[in-house]
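This is what each chain is made of:
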Amino acid sequence: MASSWNFRAIVPFLLLLVIQQLGIVLSAFSSNVHIVYMGERRHDEPELVTDSHHGILSDILGSREAAVESMLYSYKHGFSGFAAVLKPHQAALIADLPGIVHVVPNRILSLQTTRSWDFLQVKPQVVNGILEKGQSGGGSIIGILDTGIWPESESFRDVGMGKVPSHWKGICQGGEEFSSSNCNKKIIGARWYVKGYEAEFGKINTSDAVEYLSPRDASGHGTHTASTAAGALVDNVSFMGLAKGTARGGAPSAWLSIYKVCWSTGGCSSADLLAAFDDAIFDGVNVISASLGSSPPLASYVDDVLSIGSFHAMAKGISVVCSAGNSGPYPQTVINTAPWVITVAANTIDRAFPTAIMMGNNQTVVGQALYTGNDMNKFYPIVYGEDIAYADSDEDSARSCDAGSLNETLARGKVVLCFQSRSQKTAANAARTILEMQGVGVIYAQYPAKDVSLAHGIPLVQVDFIVGTYLLNYMEATRDPVVKFSRTKTVVGRQVSPEVAFFSSRGPSSLSPTVLKPDVAAPGVNILAAWTPIASSQSFDTTKNQLPLGFKFESGTSMSCPHISGIVALLKAIHPTWSPAAIKSALITTASLKDEYSLSAVAEGAPDKKADPFDYGGGHVDPNRAIAPGLIYDMKVPDYVQFLCSMGYNDTAISNIAKAPNKCRSKTKNLLLNLNLPSITIPEMKNSVTVSRTVTNVGPAISVYVARVEAPPGVNVIVQPSVLSFNFTSNKLKFKVTFCSLVRIQGRYTFGNLFWEDGSHVVRIPLIVRPIIEYYYPEI
């Protein structure tokens, strides 16, 4: 980025909350609320911070009374700032005052197990029926910024939980259908935030929609993520008989603190979100788990509320874990690209749900489904969507069974074969269309992917295009084609995994391409975890025979995010002095590039391909290896401050953010390249480039590591020194890596790896290089 940037001139973009696979587009609106961000606190007493905020507003609005009435939140714990109801000209006046870093218009955001932890080989240590706290996350508090929690779920029992930490300052905030008695030794804190949302849209009427003005979760998403990260062990869990086993979180002994910032009635306010960050820092959480971010074009790091809140959390030693987004498999779609957060891609696990489709010619093909109804022990006629289209319907719409494109009479009582198209990418939508037309089943042919959609009240079997075409050929060659389904089965160990999920957003970062994103991949496909019964009872099949549900399947990077949050809680319990950067480094440098059969991991796509760092960052997380990484690439606040300098923010702004006089060093690209990340990404290499890194030994004091390089194709790589010797007096060493282009390929990234090995540890970082040719354009 050019060093002449003035961040006050940068246009603020909408924040999006990425939940599962919903791709909801926000419409623009004129905000009544503005967030005034002032960086680090100038006073240690929160009351003095709030007084200073009132003083600023009083000068603008004319009286202290008007200031108090206008202000929604005073951010006074983790950082300084406030949210207030302001007119645009008033916000502009405040933006020009000394000490103001930035003024951001409020935005309303829309909402985006029994096997996954076994697949990751994370085993809770149980002695005499009691969890060993240090090996199960005891000592860590995870803050969940989401849609709230359903406290009655068995996943949140507090049996065997330890005493609440003495440093804990949080509260259990009451409200509708939620009181202080809903907290326990598991859920030790709960808060809810609605001022920013209601300032834009008026009061939420909970009599018109299922919602609670309290921390209680009406949608299920927050309950799912919280139980994935830190749910207690619950035996004999299943989804209507599928995936039966023991459900648990990754850190079952960790405590939970809930921050409800999103509402089933319409979304989440960025002013509310920043208030939750402020409180979480004050409360004393160790990990913040949030599926939040900005969709491309990405906002600058001083416009993005998540980046602001997470920066101050990191400065207090709190690890912030976020989802990478669900816009894959397309490049440059990854979100949450700040180097101080852990950005998580989604991968698959080795559990499948095969469902047989038997044809009238005695042939059988297999797809995947989550069908738990009665066996369809008789054959039903099958028709093709395009063949039963209304006369004036678009062929593509009918082929993919879009709503309103099919003849209801011809669909009634039949199984309908649908093909995925650009207009209809979701199997569940096709199933909904056929159910409304009184069809009896759907076969949905799509790009090969392992994410299985859940349909309500109708069998939905997903197949690939090869199987779909085979069925279509059978139908065309048969006068009266018929099919029947078997009941879905649960199969473990027969599906090659992990693979990067089709929907998982890919790098490189469109904002800071020298920062590799995502950071790491974790399970995010068909994850079974706790759910909100009130949500399931609204949306499931018409029979209501096994409802409401306490556990439900969900897919998305929103599901992979709490997996890493749970693992971070485990690491913090074992290594309480490690910084957020050290923990992130341990996850990245020990991650795996292989599947369970030791073959190179694959990324689902169009077509599938060998996975690379833009798909999964450092690789697929390996929690057990991360406990003892050998070497770490550590960073502190000053390192990130210099990163912001290199991004072009001025000295005054950065001094306000970091609470210290700051003088940016030379704003060169080398500062970006030399940020001590556990990866090296060079997006524009014209001839040769030398970068440096510093490693800290966290293994045996006397250790000798030897460098080994897998150079990116077309690039020569030299490491100096090639041997690192650590002893009792020297646990930090610096090395340099020189890259020389052998092939000048404009615009093509190449990938490699740098390994440091000592016989016991293998510490790997990705190398990503894009050699370019400099072009000269004549004047026009």
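Refer to the preceding data block for the structure.
The shown structure was predicted, so the numbers you read here are calculated from the model rather than taken from an experiment.

(A) Inspection of the overall build of the protein at higher detail. Tallying secondary structure elements over the protein gives 20 helices and 42 strands in all. A total of 780 residues make up the protein; the buried ones form 60% of that total. Surface accessibility of the protein: about 29900 Å² in total, with carbon and sulfur atoms responsible for 52%.

(B) Region of interest: the sheet that holds strand β18 (residues 319-323). One open sheet holds the 7 strands; their spatial order is β10-β13-β9-β16-β18-β19-β29, and the pairing between them is parallel. Among the strands making up the open sheet, the edge pair consists of β10 (187-192) and β29 (520-523). Strand-to-strand twist across the sheet, computed as the mean angle between neighbouring axes with direction ignored, equals 25 degrees. As paired strands, strand β9 (residues 141-146) and strand β13 (residues 255-260) are joined by 6 bridges and run parallel to one another. Across the sheet, residue Ile-142 finds its bridge partner in β13, namely Leu-256.

(C) Representation of the packing of aromatic side chains in the model. One pass over the full model with this rule turns up 22 aromatic pairs. Aromatic pair Trp-192 and Trp-263: ring centres 6.2 Å apart, planes at 75 degrees, arrangement edge-to-face. Here Trp-192, found in strand β10, pairs with Trp-263, found in strand β14 (residues 262-263); they are 71 residues apart in sequence, far enough to count as distant. Overall, Trp-192 belongs to the buried group, its relative accessible area being 19%. On the numbers, 5.1 Å between centres and 85 degrees between planes, the contact of Phe-311 with Trp-340 is edge-to-face. Taken together, the positions of Phe-311 in helix α8 (residues 305-315) and Trp-340 in the loop between β18 and β19 (342-347) put the pair 29 residues apart, joining distant regions of the chain. The two residues Phe-311 and Trp-340 agree in class, both being buried. Grouped by ring-pair contacts, the aromatic residues Tyr-301, Phe-311, Trp-340, Tyr-640 and Phe-643 constitute a single cluster. The side chain of Arg-216 reaches across the aromatic face of Trp-150, ending 4.5 Å from its centre. The ring of Tyr-212 carries Arg-216 above its face, with NZ or CZ at 6.0 Å from the centroid.

(D) The arrangement of the side chain of Arg-248 in detail. Along the polypeptide, Arg-248 turns up in the loop between β12 (242-247) and β13. Exposure remark for Arg-248: the relative accessible area of 7% places this residue in the buried category. Among the polar contacts made by the side chain of Arg-248, one reaches the main-chain carbonyl oxygen of Val-122 at a distance of 2.9 Å.

(E) Structural detail: the sheet that holds strand β40 (residues 732-741). Strand order in the open sheet formed by 4 strands is β34-β36-β40-β38, with antiparallel pairing between adjacent strands. Two strands lie at the open edges of the sheet, namely β34 (631-632) and β38 (715-720), each paired on one side alone. As judged from the 9 bridges shared by strand β36 (residues 688-697) and β40, these two strands associate in the antiparallel manner. Paired with Thr-694 across the bridge in β40 is Lys-734.

(F) Up close: the side chain of Ser-421. Locating Ser-421 in the fold gives a position in the loop between β24 (415-419) and α11 (427-436). A polar side-chain atom of Ser-421 sits 3.1 Å from a polar atom in the side chain of Ser-400. Those residues in contact with Ser-421, other than ones at most four positions away along the chain, are Asp-396 and Ser-400.

(G) Layout of the pairing of strand β41 (residues 750-757). In terms of burial, β41 is largely enclosed, as 6 of its 8 residues are buried. Looking at chain direction, β41 and strand β42 (residues 762-771) are connected through 8 bridges and run antiparallel. Bridging from a neighbouring strand, Thr-750 pairs with Val-769 of β42. Between the antiparallel neighbours β41 and β42 lie 4 residues, among them Gly-759 with a positive phi of about 95 degrees.

(H) Representation of the pattern of salt bridges in the model. In this structure the tally under the stated criterion is 24 salt bridges. For the salt bridge of Asp-350 with Arg-115, the shortest nitrogen-to-oxygen distance reads 2.8 Å. Taken together, the residues Asp-350 in the loop between β19 and β20 (351-352) and Arg-115 in the loop between β6 (108-109) and α4 (116-119) connect sequence positions 235 residues apart. You can call Asp-350 buried: its relative accessible area is 3%. In this structure, Asp-615 and Arg-506 form a salt bridge, with 2.8 Å as the shortest nitrogen-oxygen distance. Taken as a pair, Asp-615 in helix α16 (residues 613-616) and Arg-506 in the loop between β28 (491-492) and β29 lie far apart in primary sequence, 109 residues in all. We note that Asp-615, like Arg-506, is buried. Bridged by salt links that share partners, the residues Glu-386, Glu-395, Asp-396 and Arg-399 form one connected network.

(I) Region of interest: the nonpolar core. Counting residues in each nonpolar core, the largest one holds 66 residues, and the members touching the most others are Tyr-75, Ile-288, Tyr-301, Trp-340 and Phe-643. The element best represented in this core is helix α7 (residues 270-283), accounting for 8 residues. Formed by 40 residues, the second largest nonpolar core is a distinct cluster that contains Ala-226, Val-321, Ile-342 and Ala-582.

(J) Inspection of the packing of α7 against α8 at higher detail. Remark: α7 packs on α8, axes separated minimally by 10 Å, with the N-to-C direction vectors making an angle of 5 degrees. Looking at the two axes, α7 sits roughly parallel to α8. Of the residues in α8, those in contact with Ser-270, Leu-273, Leu-274, Phe-277 and Ile-281 of α7 are Val-305, Leu-306, Ile-308, Gly-309, Ser-310, His-312 and Ala-313. In terms of residue class, the contact of α7 with α8 is made up of 8 nonpolar, 4 polar and no charged.

(K) Representation of helix α3 (residues 88-95) within the structure. Every buried residue of α3 is accounted for by Gln-90, Ala-91, Ile-94 and Ala-95. Viewed along the axis of α3, the buried residues span an arc of 140 degrees, placing them on a single side of the element. Within α3, the exposed residues directed more than 90 degrees away from the buried face are Pro-88 and His-89. For α3, the elements touching its buried residues are β2 (33-39), α1 (46-61), β4 (80-85) and β5 (102-105).

(L) View of unusual backbone geometry. Following Gly-328, the chain continues into Pro-329 via a peptide bond in cis, with omega recorded as 5 degrees. As for its placement among the helices and strands, Pro-329 is situated in the loop between β18 and β19. In this structure, the amide linkage connecting Ala-606 to the following residue, Pro-607, adopts the cis form with an omega of 5 degrees. With respect to the helices and strands, Pro-607 occurs in the loop between β32 (602-603) and β33 (609-610). Positive phi values are uncommon outside glycine, yet Gln-438 reaches one of about 65 degrees. Following the sequence through the fold, Gln-438 ends up in the loop between α11 and β25 (441-446). Residue Gln-438 is classed as partly exposed on the basis of its relative accessible area, which comes to 46%. At Ser-598, a position not held by glycine, the phi torsion is positive, near 65 degrees. Among the secondary structure elements, Ser-598 is positioned in the loop between α15 (580-589) and β32. Taking the relative accessible area as the measure of exposure, Ser-598 reaches 56% and is therefore exposed.

Conventions used here
Residues numbered from 1 in each chain as written. Predicted model: local features only at pLDDT ≥ 70, side-chain atom pairs only at ≥ 80, totals over all residues. Heavy atoms only, no water. Helix = DSSP H or I, 4+ residues; strand = E, 2+ residues; numbered from the N terminus. Buried < 20%, exposed > 50% of the residue type's maximum accessible area, 1.4 Å probe, protein only. Areas by Shrake-Rupley, 256 points an atom, 1.4 Å probe, with all protein chains shown as cover. Pairing = 2+ DSSP bridges. Axes fitted to C-alpha atoms, helices over the stretch in contact; angles between N-to-C directions. Phe/Tyr/Trp six-rings, centres within 6.5 Å; stacked < 30°, edge-to-face > 60°. Lys NZ or Arg CZ within 6 Å of the ring centre and 35° of its normal. Polar contact = N/O pair within 3.5 Å; in protein donor to acceptor, adjacent residues only side chain to side chain. Contact = heavy atoms within 4.5 Å. Salt bridge = Lys/Arg side-chain N within 4 Å of Asp/Glu carboxyl O. Core = buried A, V, L, I, M, F, W, Y, C linked by side-chain atoms within 4.5 Å. Parallel < 35°, antiparallel > 145°, perpendicular 65-115°, else oblique. Nonpolar A, V, L, I, M, F, W, Y, C, P; charged D, E, K, R; others polar. Arc of directions from axis to C-beta.

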